[in-house]
Amino acid sequence: MTGAELAVTVTGLAAIGWVNWYFFLAGRTQAVAAVPAGPGPQRTRIVVSGGYTPSTVRVEVGRPVRLEFDRQETSGCTEEVVLPDFGIRTYLPAHKTTPVEFTPTRPGSYEFTCGMAMVRGKIIVEEGRRER
Ligand SMILES: [Cu+2]
């Protein structure tokens, strides 16, 4: 095997590894159902560290939602979280978990962002499964 062939092989393996890693990680950080059934709020913990994980949360319409923002960094960027459609702007102290509560009244897709709208996440509000 020549040096060039070796380089191509190594690059190919690296690309395969990256793709696997990417999809594995993407699968883990995608939409998460926020406790669908039962009484009480639909709770989900969202880790705040360079972004929101998970960045997409699915909830049912007409039921209280409680997002627990676990902020694991001191970067000024994420010190506030804003849910413009719900009139919420909340300060998130570093290394603490701060709950944000609201009740979505209409299905749809709603953004949440940092105070400067640089870091983004999404809340997908759906009809409840029981009504379908
Ligand atoms: Cu920001």
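Since this is a predicted model, take the numbers as computed values, not measurements. Think of each chain on its own: its residues are numbered from 1, step by step along the sequence as written. Under the rules for a predicted model, residues below a pLDDT of 70 receive no local features and side-chain atom pairs below 80 are neither given nor counted, while totals for whole chains, interfaces and linings still include all residues. For the side-chain quantities, the full set of heavy atoms in the structure was used; hydrogens and water were omitted.

**Section: the coordination of the copper ion**
Octahedral metals with six donors have ideal donor angles of 90 or 180 degrees. Tetrahedral metals with four donors have an ideal donor angle of 109.5 degrees.
Then, in step 1: Here the copper ion is held by the protein donor atoms Cys 77 (SG) and Cys 114 (SG), which lie 2.2 Å from it. Here the residue Cys 77 occupies a position in the loop between β5 (65–71) and β6 (80–83), and Cys 114 occupies one in strand β9 (residues 108–114), the gap between them amounting to 37 residues.
Then, in step 2: For every residue, the accessible area (1.4 Å probe, protein chains only) is compared with the maximum for its type, and the residue is labelled buried under 20%, exposed over 50%, or partly exposed between those bounds. A residue is classified by how much of its surface remains accessible, and Cys 77, at 18% relative accessible area, is buried. Here the coordinating atoms are restricted to nitrogen, oxygen and sulfur within 2.8 Å of the metal centre, or 3.2 Å for Na, K and Ca, and because water is not among them the sites may look incomplete. By the criteria applied, helices consist of DSSP H or I runs no shorter than four residues and strands consist of E runs no shorter than two, each listed in order from the N terminus.

**Concerning the environment of Val 100**
Then, in step 1: Mapped onto the fold, Val 100 is located in strand β8 (residues 96–102).
Then, in step 2: A residue is classified by how much of its surface remains accessible, and Val 100, at 2% relative accessible area, is buried.
Then, in step 3: Along the primary structure Val 100 and Arg 89 are separated by eleven residues, whereas in three dimensions their C-alpha atoms are 9.2 Å apart.

**Some words on the packing of aromatic side chains**
Then, in step 1: Centres within 6.5 Å are what make two rings of Phe, Tyr or Trp a pair, Trp counting through its six-membered ring; a difference in plane orientation under 30 degrees is then read as stacked, over 60 as edge-to-face, and the rest as tilted. Scanning the entire structure with this criterion turns up five aromatic pairs.
Then, in step 2: Relative to Phe 69, the ring of Tyr 52 has its centre 6.0 Å away and its plane inclined at 75 degrees; by these criteria the two rings are edge-to-face. Here Tyr 52 is found in strand β3 (residues 52–53), whereas its partner Phe 69 is found in strand β5, with 17 residues between them in sequence. The burial state of Tyr 52 is the same as that of Phe 69; both residues are buried.
Then, in step 3: Where Tyr 52 meets Phe 112, the ring centres are 5.0 Å apart and the plane angle is 55 degrees; that geometry is what we call tilted.

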